[in-house]
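As a plain string of letters, each chain reads:
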2 protein chains.
Amino acid sequence: MTLEIPEVVINRLPVYARALAQLAEAGETVVSSQALGEALDVTPAQIRKDLSYFGRFGKQGRGYNVPTLLAKLREILGLDRRWRVCIVGVGRLGQAIVEYGGFEPQGFTIMSAFDSDSELVGTSIADVEIRHVDELQSYLAETRIDIGIVSVPGRVAQETVDELVKGGIRAILNYAPITAHVPPGVSIRHIDPVLAMQSMTFYLKRPAGVVAIRE
Amino acid sequence: MTLEIPEVVINRLPVYARALAQLAEAGETVVSSQALGEALDVTPAQIRKDLSYFGRFGKQGRGYNVPTLLAKLREILGLDRRWRVCIVGVGRLGQAIVEYGGFEPQGFTIMSAFDSDSELVGTSIADVEIRHVDELQSYLAETRIDIGIVSVPGRVAQETVDELVKGGIRAILNYAPITAHVPPGVSIRHIDPVLAMQSMTFYLKRPAGVVAIRE
C-alpha cells in the first residue's frame, strides 16, 4: 500500500467509519457520497477523494455499499481488533478517563495506570491497578501496550511522553496542556477542551453572522 | 477588522497564546518565530503568516515581544475576560467535566448543569446546581450564557445542540459521539478521544518508520 496519505485524510476516516456504523445499525445498506457528506459537513468530492487513496468503492450514481465500506475502513484503521492502552497520571482528570466507559466498547482496553503519588500506588480505579511510574519501563518491557495516555500535569508531560516512547510506545493520546513532541514514527494526538473553547471565543467577541472561512 | 480569516488560523491562535504565556511565566521577553515554531511543531513561516492577519508584530530578525504579543492574542481571542458556560448532560462524562479543574483558571465558569434524570435534578456537582432540561429555554432567556457543553448520549445530541442554539447560544463544545450540525453564525468544536485513538491505530498497523504526510 502506498503511504503517501495526508494525515488529515487519516483523521477523517474514523468519522466516516462512525457514520457508516450508525447507518448500518439503522439497517441502511447503501449511502451516496452526497448523503454521507451532508451528515458529516464534508463535501461529497472530499469523501470520494479521501476514499480513493485506498481503492475503488462504490459506482458512479450507485452510492457506497454500507457494510462493505464499513468493513474496509475498519480494516484500514485497525478497528477490527483490540488495542491495549496504559495511562500515566491518575489525578482527577486521569481517574475520569479510566472511569469513562467509552473506550472499551470501541476496542481500547486500559490495561494499567501509573502515577508518582505513593498514596495512589497499589489502589485500583475501575479494576485497573495503579503502579508507580518508576515501574513503567520494566512494565513496558514485559507487557504489550499499544497506546499510552498522558494525563499528568503540563510541567512533566514531555518527560512522560519521552518515557513512553523510550518504552516502545508508538501512539500517544495527550491530555496535558502542552504541545508535546515525539520522534518520527510515533503518533500523538492532543485532547484539549480549553483550546477548543478559546478558539470559539474569537467568534463570540464578534457580531452574530460573522462566520469562519473554511479553506 | 477583516474577517476573511481561515478557521484553521483561528484554531492555532490559542496554541500560540498558551506557549507565549509559558514563556512569559519563565521570564522570557523576546521569542523568534523559529523558536516558537520549534516549540509548537509549526514552521516559522506559518506563524508569521497566521499573525499577519491581525497586524504587524515583531521586526525582521528581532523576534516578537512576548508580553505584547501575548496581550494582543488574548485580546483577539477574548481571553481577557470571563465566559459563562452551561453543560447539558451530567452522566459519568458530564460529571467529570464539571469536576475538572481546568476551565475556571482559563476564564471559563460553569454556571449551571442540566439533565433529564429526575434523580439528579436538584442535586449539585462541585457547587453547580443540576436543573431539568425542560427548564433550559427559560433559563437561557433569563441568564447570560456564552458557551454550551453537550455531554448527552449520541442519540439525543443533535436535539440538545438545537435547543442550545434556539436559546441563543453561539458556541458549543460537543463531547457526544456524533457530528452535530449548527447553523451559520454558530461555532461548534468536537472533543472525541475515541476518534483520536482510531486515527492513530492506522499507523500502529503499519511498520515502524511509516509516517504521516503533512500537507
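As a convention, each chain's residues are numbered from 1 in the sequence order in which they are written. Think of it this way: whatever chain is written first is A, whatever ligand is written first is 1, and the rest follow in order. The predicted nature of this model means local features are confined to residues of pLDDT at least 70 and side-chain atom pairs, given and counted, to a pLDDT of 80 or more, with totals for whole chains, interfaces and linings taken over all residues. Heavy atoms throughout the structure, all of them, feed into the side-chain values; hydrogens and water do not.

Examining the overall build of chain A
Filter applied, for reference: Think of it this way: any DSSP run of H or I at least four residues long counts as a helix, any run of E at least two long counts as a strand, and we number them from the N terminus. Partly exposed describes any residue whose relative accessible area lies between the buried limit of under 20% and the exposed limit of over 50%, with all areas from a 1.4 Å probe on protein chains only and scaled to the type maximum. Contact between two residues is taken to exist if any of their heavy atoms lie within 4.5 Å; hydrogens are not considered. In this tally Asp and Glu are treated as negative and Lys and Arg as positive; neither His nor the chain ends contributes. Working definition for charges: the position is that of NZ of Lys, CZ of Arg, CG of Asp or CD of Glu.
When its secondary structure is counted, chain A shows eight helices and nine strands. With respect to the three principal axes, the spread of C-alpha positions in chain A is 60 × 45 × 35 Å. The buried share among the 215 residues of chain A stands at 48%. Counted over contacts in chain A with a minimum sequence separation of 6, partners at least 24 positions apart contribute 56%. Side chains of chain A carry 22 positive and 25 negative charges; the gap between the two charge centres is 11 Å.

Quick notes on the relation of the copies chain B and chain A
Heads up, the rule is: Superposition of the copies was done by least squares, using only C-alpha atoms of residues whose pLDDT is at least 70 in both.
Rotating chain B by 180 degrees and translating it 0.0 Å along the rotation axis places it on chain A, where the RMSD comes to 0.0 Å. Such a combination of rotation and displacement between the chain copies is what one expects of a two-fold axis. Across chain B, the smallest distance between a C-alpha and the rotation axis is recorded for B:Ala96, namely 2.9 Å. Here 100% of the contact residues of chain B are again contact residues in chain A; the copies associate through an equivalent surface.

Quick word on the domain arrangement of chain A
Worth spelling out the cut-off: Bear in mind that the domain bounds are from an automatic or database domain assignment.
Per the domain assignment, the segments making up chain A are domain 1 (7-76) and domain 2 (83-195). The straight-line distance from the C-alpha centre of domain 1 of chain A to that of domain 2 of chain A is 31 Å.

Quick notes on the interface of chain B and chain A
To keep things clear, this is the line we draw: Throughout, buried area stands for the accessible area (probe radius 1.4 Å) lost by two parts on being put together, summed over both. For salt bridges, the criterion is a side-chain nitrogen of Lys or Arg within 4 Å of an Asp or Glu carboxyl oxygen. Between N or O atoms, a polar contact is any pair within 3.5 Å; within protein, one atom must be a potential hydrogen donor and the other a potential acceptor, and residues adjacent in sequence are included only when both atoms are from side chains. When residues are grouped by polarity, Ala, Val, Leu, Ile, Met, Phe, Trp, Tyr, Cys and Pro land in nonpolar, Asp, Glu, Lys and Arg in charged, and all others, Gly among them, in polar.
In this assembly, 79 residues from chain B lie in contact with 79 residues from chain A. Together chain B and chain A conceal approximately 7,000 Å² of surface at their shared face, both sides included; 65% is due to carbon and sulfur atoms. Considering only the surface of chain B that becomes buried against chain A, B:Met197, B:Met200 and B:Leu204 emerge as the three largest contributors, covering 10% of it. Taken together, the links from chain B to chain A amount to four salt bridges. Between A:Arg18 and B:Asp192 there is a salt bridge; the shortest N-O distance is 2.6 Å. At the junction of chain B and chain A, the tally comes to 22 residue pairs in polar contact (both at pLDDT 80 or more). Of the residues forming the side of chain B that touches chain A, the biggest block, 12 residues, is contributed by helix α8 (residues 193-204) of chain B. Each residue belonging to the side of chain B that touches chain A can be placed in one class, and the counts come to 48 nonpolar, 14 polar and 17 charged.

Looking at the environment of B:Ile130
Along the chain, B:Ile130 falls in strand β6 (residues 128-132). With near-sequence residues (within four places) excluded, B:Ile130 lies in contact with B:Val90, B:Ala113, B:Phe114, B:Asp115, B:Leu120, B:Val121, B:Gly122, B:Thr123 and B:Ile125.

What to know about helix α3 (residues 44-52) of chain A
Residue and element names in this part refer to chain A. Convention followed: The directions from the helix axis to the C-beta atoms are what the arc is built from.
Among the residues of α3, Ile47, Asp50 and Leu51 are the ones counted as buried. Looking down the long axis of α3, one finds its buried residues gathered within 95 degrees of arc, a one-sided arrangement. Next to the buried residues of α3 lie α1 (7-25), α2 (33-40), β2 (64-65) and α4 (66-77).

A short note on the packing of aromatic side chains
The geometry of an aromatic ring pair is captured by two quantities: the separation of the ring centres and the angle between the planes. We count it as follows: Pairing of aromatic rings covers Phe, Tyr and Trp, the last counted by its six-membered ring, and requires centre-to-centre distances within 6.5 Å; plane angles under 30 degrees mean stacked, over 60 mean edge-to-face, and any other angle means tilted. The rule for a charge over a ring is simple: NZ of Lys or CZ of Arg within 6 Å of the ring centre, and within 35 degrees of the ring normal.
Applying the stated criterion across every chain yields a total of eight aromatic pairs over all chains. Each ring, one from A:Phe202 and one from B:Phe54, has its centre 6.3 Å from the other, and the planes form 85 degrees; the classification is edge-to-face. Here A:Phe202 is found in helix α8 (residues 193-204), whereas its partner B:Phe54 is found in the loop between α3 (44-52) and β2 (64-65) on a different chain. Relative accessible area serves as the criterion here: at 10%, B:Phe54 is assigned to the buried category. For the pair B:Phe114 and B:Tyr139, a centre-to-centre distance of 5.2 Å together with 70 degrees between the ring planes defines the contact as edge-to-face. Taken together, the positions of B:Phe114 in strand β4 (residues 108-115) and B:Tyr139 in helix α6 (residues 136-142) put the pair 25 residues apart, joining distant regions of the chain. Look at B:Tyr139 and you get buried, because its relative accessible area is 9%. Aromatic ring contacts, followed pair by pair, group A:Phe54, B:Phe202 and B:Tyr203 into a single cluster. A cation over a ring is seen here: A:Arg81 above A:Trp83, with NZ or CZ 3.6 Å from the ring centre.

So, the pairing of β4(B)
Residues and elements named next belong to chain B. Worth spelling out the cut-off: Here a crossover is taken to be right-handed if, once the strands point away from the viewer, the path from the first strand over the helix to the second is traced clockwise. Should DSSP find at least two bridges between two strands, the strands are regarded as paired.
Across the eight residues of β4, seven count as buried, placing the element largely inside the fold. With helix α5 (residues 92-99) bridging strand β3 (residues 83-88) and the parallel β4, this β-α-β connection has right-handed handedness. As paired strands, β4 and β6 are joined by three bridges and run parallel to one another. Residue aspartate 115 lies in a different strand from β6, and its bridge partner there is histidine 132.

Some thoughts on the sheet that holds strand β8 (residues 171-174) of chain B
All names here are of chain B. The condition is simple: Here an angle of 0 to 180 degrees is reported between the N-to-C directions of two axes, which are lines fitted to C-alpha atoms, with helices fitted over the stretch in contact.
Reading across the sheet, the seven strands line up as β5-β6-β4-β3-β7-β8-β9 and stay open at both edges, with mixed pairing between neighbours. A single partner strand is all that each edge strand has here, and the edge strands are β5 (124-125) and β9 (187-190). Sheet contacts for helix α7 (residues 157-166): β3, β7 (147-150), β8 and β9; angle to β7, the most-contacted strand, approximately 170 degrees.

Re the side chain of A:Arg18
Position of A:Arg18 relative to the elements: it lies in helix α1. For A:Arg18, a relative accessible area of 16% corresponds to the buried category. Setting aside anything within four residues of it in sequence, one finds A:Arg18 in contact with B:Pro177, B:Ile178, B:Thr179, B:Asp192 and B:Leu195.

Let's talk about the sheet that holds strand β4 (residues 108-115) of chain A
Residues and elements named next belong to chain A. Read across the sheet, seven strands follow the order β5-β6-β4-β3-β7-β8-β9 without closing on themselves; strand pairing throughout is mixed. Two strands in the sheet have a free side with no partner beyond their single neighbour: β5 (124-125) and β9 (187-190). The sheet strands contacting helix α7 (residues 157-166) are β3 (83-88), β7 (147-150), β8 (171-174) and β9, and the helix crosses β7 at an angle near 170 degrees.

Some details on the nonpolar core
Convention followed: For our purposes a nonpolar core is just a set of buried Ala, Val, Leu, Ile, Met, Phe, Trp, Tyr and Cys residues, chained together by side-chain atoms within 4.5 Å.
If you look at the biggest cluster of nonpolar residues, it comprises 50 residues, and the most contacted ones within it are A:Phe103, A:Ile147, A:Ile149, B:Phe103, B:Ile147 and B:Ile149. Setting aside chain neighbours within four positions, we find A:Ile147 in contact with A:Trp83, A:Arg84, A:Val85, A:Cys86, A:Phe108, A:Ile169, A:Ala171, B:Met197, B:Met200, B:Thr201 and B:Leu204.

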